[in-house]
Structure formats: C-alpha cells, structure tokens
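Reading the structure
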Amino acid sequence: MATDYKLPPGPIFRLWFIRLMQLMPFRTRPEPLLFTVKTFQEYGSFACARVGNRLFFQISDPELTHQILVTHADKFHKDDVLNRALRPVTGNGLLLSEGDFWRKQRKLAQPAFHHKRIESYATAMVEETQRAIAAWQTDQPFDVLFEMTQLALKIVARTLFSADVSDSAARVSQLVTVLLEAANNRIGIFTTLYDLLPSAIKRRERAALREIDALLRQIISRRRADGTDRGDLLSMLLAATDEDGNGMTDQQLRDEVITIFLAGHETTAVTLAWTWALLAQHPEVEAKLWAELDSVLGGRAPTLADLPNLPYTEMVIKEAMRLYPPAGGVSRMPITDVQLGEYVLPKGSNVFISMYVMHRDPRYFPEPERFIPERFSKEREAEIPRYAYLPFGAGPRICIGNSFAMLEARLILATVAQRFKLALVKDHPILPEQLFTIRPKYGVKVVASVREPVLV
Ligand code: HEM
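Residues numbered from 1 in each chain as written. Predicted model: local features only at pLDDT ≥ 70, side-chain atom pairs only at ≥ 80, totals over all residues.

1. Here we look at the overall build of the protein chain
Note the cut-off: Strands are runs of DSSP state E lasting at least 2 residues, helices are runs of H or I lasting at least 4, and numbering of each runs from the N terminus. The atom set for the radius of gyration is the C-alpha atoms, and the globule formula is 2.2 Å times the number of residues raised to the power 0.38. A residue is called partly exposed when the number of other C-beta atoms within 10 Å of its own lies between 12 and 20, exposed at 12 or fewer, and buried at 20 or more, with C-beta atoms placed from the backbone. For every residue pair, C-beta atoms are placed from the backbone, and the pair is scored as a contact if these atoms sit within 7 Å.
When helices and strands are tallied, the protein chain shows 19 helices and 13 strands. Relative to the 2.2 N^0.38 estimate, which gives 23 Å for 456 residues, the radius of gyration of the protein chain is 22 Å and therefore close to what a compact globule would have. When its C-alpha atoms are laid out on the principal axes, the protein chain stretches across 65 × 55 × 40 Å. Evaluated residue by residue, the protein chain yields a buried proportion of 40% over its 456 residues. Look at the contacts in the protein chain between residues 6 or more apart in sequence, and 77% of them connect residues 24 or more apart.

See below:
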C-alpha cells in the first residue's frame with residue numbers, strides 16, 4: 001500500500017527478512033512480545049512499521065485507543081492477520097463476524113451474559129473448583145496452568161452449554177494448545193509461502209480440530225434430540241430464528257459454539273495461572289489475601305454474596321491482568337481512511353493496540369514492573385486514565401464474557417486460596433510467551449500445601 005500520508009515514526013522491515021522469519025518453526029522465531037516492547041521503547045506510543053508495502057501501526061496511548069475502539073469503532077474491522085490465524089478454527093463466530101450480522105449474533109448471545117444470569121453460574125463455578133482441588137496431591141508437583149485450563153473448560157461447558165466435559169477436559173486442553181500454535185504460525189502479513197509447505201503442525205491442527213468438532217457436535221445433537229429449553233446460551237442459539245423464521249445453519253451454530261468454548265476458557269485459565277505465579281513470588285500479597293479470605297469466609301466456601309466483601313481478592317486478579325493481560329492486544333483494520341490527530345490510518349492498514357505495553361507505561365502505572373494490587377483500591381483505581389487499563393478491550397466489541405470471567409476468577413481464587421498455598425517448584429522458569437494469549441511459556445509448576453488459617 002503506497003501512501004503519501006504523514007506517518008508516525010517507526011522501523012522499515014525488508015520483505016525477505018519477514019518471509020524468512022515466517023518460515024522458521026514457530027518456537028524458534030523471535031518473540032512477538034519483545035518486538036512490541038522494543039517498538040514502543042524506540043518509537044513511542046504511536047508507531048508505524050513498514051513491512052514491504054504494508055503499514056503496521058502499533059498504538060499504546062489511551063486517547064488514541066479510545067478513538068479507535070469507541071469513537072470510530074464503525075470504521076474498523078478485525079484485521080486480516082487475525083482472520084487468517086483464527087478463521088480456520090472459529091469460522092464466522094462472534095469474535096470474527098462483522099457488520100449487521102455480528103450485531104444480530106451479539107444481541108442473540110447477550111442475554112446469557114446479563115448480570116442476573118451470570119450470578120446464577122456462581123454455585124457451579126465454586127462446585128467445579130472444589131471438585132478439582134479435592135484431587136490435588138500435596139506432595140506432587142503439577143502444572144497449575146493445565147489445572148486451571150481444565151477447570152475453566154468444565155465451567156464454561158457446564159454453565160453455558162449444560163454439558164459435562166469432565167472426561168475430555170484434559171484431552172481438550174492439549175488440543176487447544178495445538179490449535180493455538182498452528183494459529184500463531186499463520187500470524188503474519190505474508191504467509192503464502194508458509195501456507196504452501198506441508199508441515200506436521202498443520203496435520204496436527206486438522207486432527208485436533210476434528211476431535212474438538214466431534215465433541216461439540218455431540219453436545220449440540222444431544223441437546224437437539226432432548227429438545228428441552230435449559231435457559232442457557234446453547235438453548236438461546238438453538239431457538240434463534242431470523243425474520244423468515246429460519247434457524248441458524250449447523251455451520252454457524254458450530255462457529256458460535258467453538259468461539260465461546262475457546263474464548264471462554266483459555267483467557268481465564270491464563271489469568272489464574274499468572275495470579276498463582278505472582279502470589280507465590282510475593283508472600284506479602286499472599287498474606288493479605290489470606291487474611292481477607294479468613295476473616296470474611298472463616299473456612300467456608302465463597303458465595304456470590306461474599307464477593308462485595310472480598311475487595312482485595314478482586315484487586316489481586318486485576319493487577320495480575322495488568323502485568324499479563326491475557327489478550328496482549330487487539331487488532332483492527334480501517335475500512336476507510338481514519339484521521340487520528342495529525343496522522344491518518346489508511347484504509348487496509350494493520351492497527352495493533354498493545355495492552356501489554358500500555359499496562360506497563362510508568363505514566364499510568366508507577367513502578368510498572370512491580371506487582372502491587374493496591375493500585376486497584378477504589379480510590380487509586382479512579383486515578384488510572386479510563387482507556388489505559390483494558391484487559392477486556394473496549395467499545396462495542398468489548399469482551400462479551402468480561403463479567404463472567406471476573407466472577408469466575410474471583411471465586412476460583414477464593415476457593416483455592418482458602419485451602420492451599422501454592423509454592424513454585426524451585427528453578428522452574430516463569431516466562432511470558434505470546435501464543436495468542438500471553439501465557440507462561442513453560443506453564444507454572446507448583447507444589448500445593450494445606451495452609452493454616454490466619455488468626456483474625
Ligand atoms: C480473563 C478473561 C478474558 C479476557 C482477558 C478476555 C479478553 C477479551 C478481549 C480483549 C476481547 C476483545 C477483542 C477485540 O476487541 O478484538 C474479547 C472478546 C471476546 N471474548 Fe473475551 N476475554 C476473557 C474471557 C471471556 C469469556 C469467559 C468469554 C465467554 C464465556 C469470552 C468471550 C469473548 C467473545 C465471544 C469475544 C468477541 C466479542 C465480540 O466481538 O462481540 N471471553 N475478550
């Protein structure tokens with residue numbers, strides 16, 4: 001895309017370099033997170049990289065973010081990079097659909113995420129957590145990311161699809177990692193060469209997708225055969241009809257279900273894995289959390305009614321998502337030229353809003369590398385600029401599951417931390433990696449011990 005517009009500063013990448021990089025096996029490629037951070041350090045919070053004849057903007061400024069995600073939201077679509085990576089998996093589900101069709105589907109799914117409805121999921125969330133931790137062994141190291149992934153998967157299946165996936169949760173968690181790796185391989189602006197090459201990961205992706213699709217088909221067909229309205233998201237999707245009285249096609253239903261199934265568990269699991277890693281590294285925060293839990297709950301399981309009395313629990317989750325926002329950023333493509341101050345985002349360019357960078361900007365978060373949940377106390381949170389902290393995005397395409405996720409994360413944290421202390425296995429590296437979500441690269445290996453209640 002040739003342009004005569006005035007562009008913000010940024011690097012120029014040679015095409016051969018990008019092509020070469022995309023041929024490298026994913027795990028050996030330069031870490032995309034490093035690119036994002038370096039771009040910010042060198043060029044600031046509005047940068048433009050030229051990649052061949054394409055323009056790639058990186059933004060980490062709250063006001064510009066507001067303009068893109070809210071003020072001019074209707075002038076942007078999800079970008080082609082995200083589409084190429086995810087469409088083979090989630091199809092035209094809520095995450096990737098656009099325009100009037102997206103609006104209709106969002107309206108359809110929204111009632112399943114209303115506050116009143118979400119509150120009714122609280123008991124299931126606590127029960128599933130209790131069931132999971134009942135099987136934990138106190139002398140055996142385990143990967144708490146893997147545990148949280150299975151737990152979040154069971155919760156999303158039970159609450160939104162009234163399905164029990166206990167038997168397949170471990171298997172599905174592994175399959176999801178395969179899908180994320182393959183999707184990451186498709187990230188990039190010029191992947192034609194890569195697309196043509198046969199590769200083991202592509203074969204594994206097709207097999208993983210077939211297996212997950214089979215599971216979802218089973219859930220859907222059982223419900224169709226049963227015919228009862230369970231009042232959950234799946235019932236809403238099955239009952240939906242257009243003006244002519246036609247229901248959703250099987251393909252669309254599959255796309256919506258797999259989108260919620262994937263988006264609805266991976267991010268929450270990653271949030272909790274980071275929370276456990278951070279707590280284990282910050283005993284002073286852990287002690288404050290325990291004191292709150294012990295004084296409010298005194299050993300019993302948390303309920304929805306307890307949550308207003310557990311502000312520190314919520315602050316811990318929010319601070320973990322500041323340091324490691326599960327979705328490191330959101331990407332868009334202008335469908336028309338969009339003026340932003342003195343610069344223009346030309347139609348068809350790639351725009352990446354980096355929450356990871358914005359959340360670590362010392363202008364909004366003093367001492368940004370430190371884990372300080374107190375930043376999110378009522379008084380101090382009010383001082384954070386409105387669009388500087390966005391783990392769930394903003395504007396019309398804000399995460400539909402944000403209240404669901406916050407409820408779930410708080411209840412899981414409270415239920416587990418009531419009972420257990422999780423200590424990191426010595427010398428196990430805790431490193432972020434962007435595999436669609438910002439995940440701990442080697443998982444979070446821990447040993448659980450039953451903790452003594454704090455005397456209050
Ligand atoms: C900590 C947990 C979560 C985080 C950090 C998170 C983050 C996000 C972000 C940043 C977006 C916006 C993407 C964009 O603007 O391009 C998004 C969208 C979405 N999320 Fe989440 N999410 C979480 C949990 C959930 C849950 C629990 C569900 C469902 C049960 C869910 C379903 C979705 C869907 C369907 C969309 C697309 C919405 C649309 O475009 O209308 N997410 N999420």
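Now that the structure has been shown, the text picks up again.
2. Side note on the site of the ligand
Filter applied, for reference: Using a C-beta atom placed from the backbone, a residue is described as near a molecule or strand when that atom lies within 6 Å of it.
In the vicinity of the ligand lie 23 residues, with Gly264, Thr267, Gly393, Cys399 and Gly401 positioned nearest. For the shell around the ligand, the elements supplying multiple residues, two or more each, are helix H13 (250–263), helix H14 (266–281) and helix H19 (402–419).

3. So, the pairing of strand E2 (residues 46–51)
Defined as follows: At least two DSSP bridges between two strands are needed for those strands to be called paired.
In this structure, E2 lies alongside strand E3 (residues 54–59), joined through six bridges in antiparallel fashion. Looking at the pairing, Phe46 lines up with Ile59 of E3. Hairpin connection, E2 to E3: the antiparallel pair is bridged by two residues, and Gly52 has positive phi, about 60°.

4. Section: the sheet that holds strand E5 (residues 142–143)
Taken together, three strands build an open sheet; the order of strands is E5-E13-E10 and the sheet is antiparallel. Edge positions in the sheet fall to E5 and strand E10 (420–424), since each of these pairs with one other strand and no more. In the sheet, E10 pairs with strand E13 (residues 445–450) via five bridges, with the strands oriented antiparallel. Bridge pairing in E13 places Ala423 opposite Val447.

5. Points about the pairing of strand E6 (residues 329–334)
Most of E6 sits out of view: five of its six residues are buried. Note that strand E4 (residues 76–77) and E6 share two bridges and pair antiparallel. If you follow His77 over to E6, its bridge partner there is Met333. Here four bridges tie E6 to strand E9 (residues 350–354), and the two strands are oriented antiparallel to one another. Paired with Ser331 across the bridge in E9 is Phe352.

6. A few points about the nonpolar core
Soluble globular proteins: nonpolar side chains tend toward being buried together. Rule in force here: For this analysis, nonpolar core means a set of buried Ala, Val, Leu, Ile, Met, Phe, Trp, Tyr and Cys residues linked through C-beta atoms within 7 Å.
Core analysis: the largest hydrophobic core is formed by 116 residues, its most contacted members being Ala273, Trp276 and Leu413. Here the element with the most residues in this core is helix H8 (residues 144–161); it accounts for 11 residues. Not counting chain neighbours up to four residues away, the residues in contact with Leu413 comprise Leu272, Thr275, Thr313, Val316 and Ile317.

7. With respect to the environment of Glu381
Counting through the fold element by element, Glu381 comes out in helix H18 (residues 378–381). C-alpha of Glu381 to C-alpha of Pro326: the two residues are 55 residues apart in sequence and 20 Å apart in space.

8. Description of the packing of H14 against helix H16 (residues 311–323)
Test applied: An axis is simply a line fitted to the C-alpha atoms; with a helix, the fit covers only the stretch in contact. Between two such axes, the angle follows the N-to-C directions and lies from 0 to 180 degrees. An angle below 35 degrees is read as roughly parallel, one above 145 as roughly antiparallel, one from 65 to 115 as roughly perpendicular, and any other as oblique. Nonpolar residues are Ala, Val, Leu, Ile, Met, Phe, Trp, Tyr, Cys and Pro. Charged residues are Asp, Glu, Lys and Arg, and all others, Gly as well, are polar.
H16 packs onto H14 with a crossing angle of 100° between their chain directions and a minimal axis gap of 9 Å. Comparing the axis directions of H14 and H16 gives the class roughly perpendicular. Residues Thr271, Trp274, Thr275 and Leu278 of H14 pack against Val316, Ile317, Ala320 and Met321 of H16. Of the residues assigned to the contact of H14 with H16, the class counts are six nonpolar, two polar and no charged.

9. Quick look at unusual backbone geometry
Of note, Ser162 is a non-glycine position whose phi angle comes to about 45°, a positive value. Within the element layout of this structure, Ser162 appears in the loop between H8 and helix H9 (169–185). Of the residues examined, Ser162 has 19 C-beta atoms within 10 Å and is grouped as partly exposed.

10. Quick notes on the environment of Ser162
In this structure the C-alpha to C-alpha distance between Ser162 and Ser235, which are 73 residues apart in sequence, comes to 9.4 Å. In this structure Ser162 touches Arg230, Asp232 and Leu234, once residues within four positions along its chain are discounted.

11. Some points on the environment of Arg171
Looking at the element boundaries, Arg171 is found in helix H9. Sequence separation of Arg171 and Ala382 is 211 residues, and the distance between their C-alpha atoms is 43 Å.

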